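Secondary and tertiary structure notes
Each chain, written out:
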Amino acid sequence: MSNMLLVPSLRLPTGAPSLADAVAQAVRDGVASGELVPDQTYSVYQLAELLGVSRSPVREGLLRLAEAGLVAIRRNRGFSVLPPRAHDIEEIVEIRLAIEPPAARKAATRGTDEQHAAIRAALAAMADAAGRGDEAAFWPADRALHDLLLRTAGNARAATIVAQLRSTTALLGPPTTAGGRTLAQIHAEHEPVVKAVLARDGAAAERAMRTHLETTGALLMARLTDRAGP
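A few points about the sheet that holds strand β2 (residues 71-74)
Adjacent strands of a sheet pair through backbone hydrogen bonds, lying either parallel or antiparallel. As summarised here, the arrangement of the three strands in space is β1-β3-β2, forming an open sheet in which the pairing is antiparallel. With one partner strand each, in any of the chains shown, β1 (41-43) and β2 form the two edges of the open sheet. In this sheet, neighbouring strand axes are inclined to one another by 35 degrees on average, regardless of whether the strands run parallel or antiparallel. For β2 and strand β3 (residues 78-81), the ladder comprises four bridges, and the chain directions are antiparallel. Bridge pairing in β3 places I73 opposite F79. Its contacts with the sheet put helix α2 (residues 44-51) on β1 and β3, and the angle it makes with β1 is roughly 55 degrees. Relative to the sheet, helix α3 (residues 55-67) contacts β2 and β3, its axis offset from that of β2 by approximately 125 degrees.

Describing the packing of aromatic side chains
Going through the model one piece at a time under the given rule, you end up with two aromatic pairs. Centroid distance Y42 to F79: 5.7 Å. Interplanar angle 35 degrees. Geometry classified as tilted. With a gap of 37 residues between them, Y42 in strand β1 and F79 in strand β3 connect regions that are remote in the sequence. Here Y42 and F79 have matching classes, each one buried. Between F138 and W139, the aromatic rings sit 5.2 Å apart at their centres with planes inclined by 85 degrees, giving edge-to-face as the arrangement. Both residues of the pair, F138 and W139, count as buried.

A short note on the side chain of H146
Mapped onto the elements of the fold, H146 is located in helix α6 (residues 135-152). For H146, a relative accessible area of 1% translates into the label buried. At a separation of 3.5 Å, a polar atom in the side chain of H146 contacts the side chain of R96. Dropping the residues within four chain positions of it, H146 is found in contact with R96, E100, R166, H190, M209, H212 and L213.

Side note on the packing of helix α5 (residues 113-132) against α6
Between α5 and α6, the shortest axis-to-axis distance is 8 Å and the interhelical angle comes to 165 degrees. Compared by their axis directions, α5 and α6 come out roughly antiparallel. Handedness of the α5/α6 crossing: left-handed. Between α5 and α6, the contacting residues are Q115, H116, A118, I119, A122, L123, A125, M126, A129, A130 and R132 on the first element and A137, F138, A141, D142, L145, L148, L149, R151 and T152 on the second. Tallied by class, residues from the contact of α5 with α6 come to 14 nonpolar, three polar and three charged.

Things to note about helix α4 (residues 86-110)
Between its first and last C-alpha, α4 extends 35 Å over 25 residues, near the 36 Å set by a 1.5 Å rise per residue. In the structure, α4 departs most strongly from a straight axis at L97, where the bend amounts to approximately 30 degrees and where the proline P101 lies between one and four residues downstream. Among the residues making up α4, those that are buried are D88, I89, I92, V93, R96, L97, E100, P101, A103, A104, A107 and A108.

Remarks on the side chain of T152
Tracing the chain through its elements places T152 in helix α6. A residue is classified by how much of its surface remains accessible, and T152, at 7% relative accessible area, is buried. A polar side-chain atom of T152 sits 2.7 Å from the main-chain carbonyl oxygen of L148. In contact with T152, not counting residues within four places along its chain, are A107, G111, Q115, H116 and I119.

Rules used throughout
Residues numbered from 1 in each chain as written. Predicted model: local features only at pLDDT ≥ 70, side-chain atom pairs only at ≥ 80, totals over all residues. Heavy atoms only, no water. Pairing = 2+ DSSP bridges. Helix = DSSP H or I, 4+ residues; strand = E, 2+ residues; numbered from the N terminus. Axes fitted to C-alpha atoms, helices over the stretch in contact; angles between N-to-C directions. Contact = heavy atoms within 4.5 Å. Phe/Tyr/Trp six-rings, centres within 6.5 Å; stacked < 30°, edge-to-face > 60°. Buried < 20%, exposed > 50% of the residue type's maximum accessible area, 1.4 Å probe, protein only. Polar contact = N/O pair within 3.5 Å; in protein donor to acceptor, adjacent residues only side chain to side chain. Parallel < 35°, antiparallel > 145°, perpendicular 65-115°, else oblique. Left-handed = near helix turned anticlockwise from the far one by under 90°. Nonpolar A, V, L, I, M, F, W, Y, C, P; charged D, E, K, R; others polar. Expected span 1.5 Å × (residues − 1). Bend = angle between axes of the 7 residues up to and from the residue.

What follows is the structure, encoded as structure tokens:
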């Protein structure tokens with residue numbers, strides 16, 4: 001079994017919503033930096049000691065990573081790293097494509113004026129964050145917009161599913177901005193969706209959402225493929 005003390009650069013990030021989230025991020029960062037490698041088994045106990053937290057948040061963080069397909073939990077209270085696969089992203093995007101474009105159509109045709117005002121405000125928050133180059137504010141606004149569209153369509157369960165899928169995507173790799181895509185470009189992809197929703201043009205809203213998700217999915221899969229190498 002590998003000794004976690006051999007990876008001193010592994011650190012618990014600050015600002016995570018919970019200790020389990022921080023542990024998951026620390027492990028993902030370790031995978032991205034090459035400190036944690038496939039085909040090795042690492043100790044949960046030593047990981048907890050290294051990060052200075054109890055074993056409970058470590059186990060919870062690892063379970064989230066296992067659900068995302070990034071690690072495998074071993075019987076001997078350890079875990080091993082699984083290389084991220086472009087296929088994982090492809091599956092997530094396929095599910096989102098089945099849910100979100102039709103929801104955008106419904107949000108356009110069924111949403112109330114109050115709901116549409118909230119959607120407009122979420123897009124404005126994205127624009128403001130993009131103008132400042134503030135990723136910490138941009139991504140919550142992005143998530144809020146997608147969530148509002150789904151809930152405006154009348155499907156709270158779909159909103160919960162998409163939120164979980166987005167969390168899994170975040171664990172699998174860095175956002176598309178890491179590959180040069182700007183916040184302004186991402187905001188611009190959402191503009192036609194919101195414009196169509198506010199105009200109550202369901203068909204246009206569905207097309208725009210489909211285009212946005214397909215673009216995002218292609219970029220995410222390309223990044224994972226590039227990281228995997230030949």
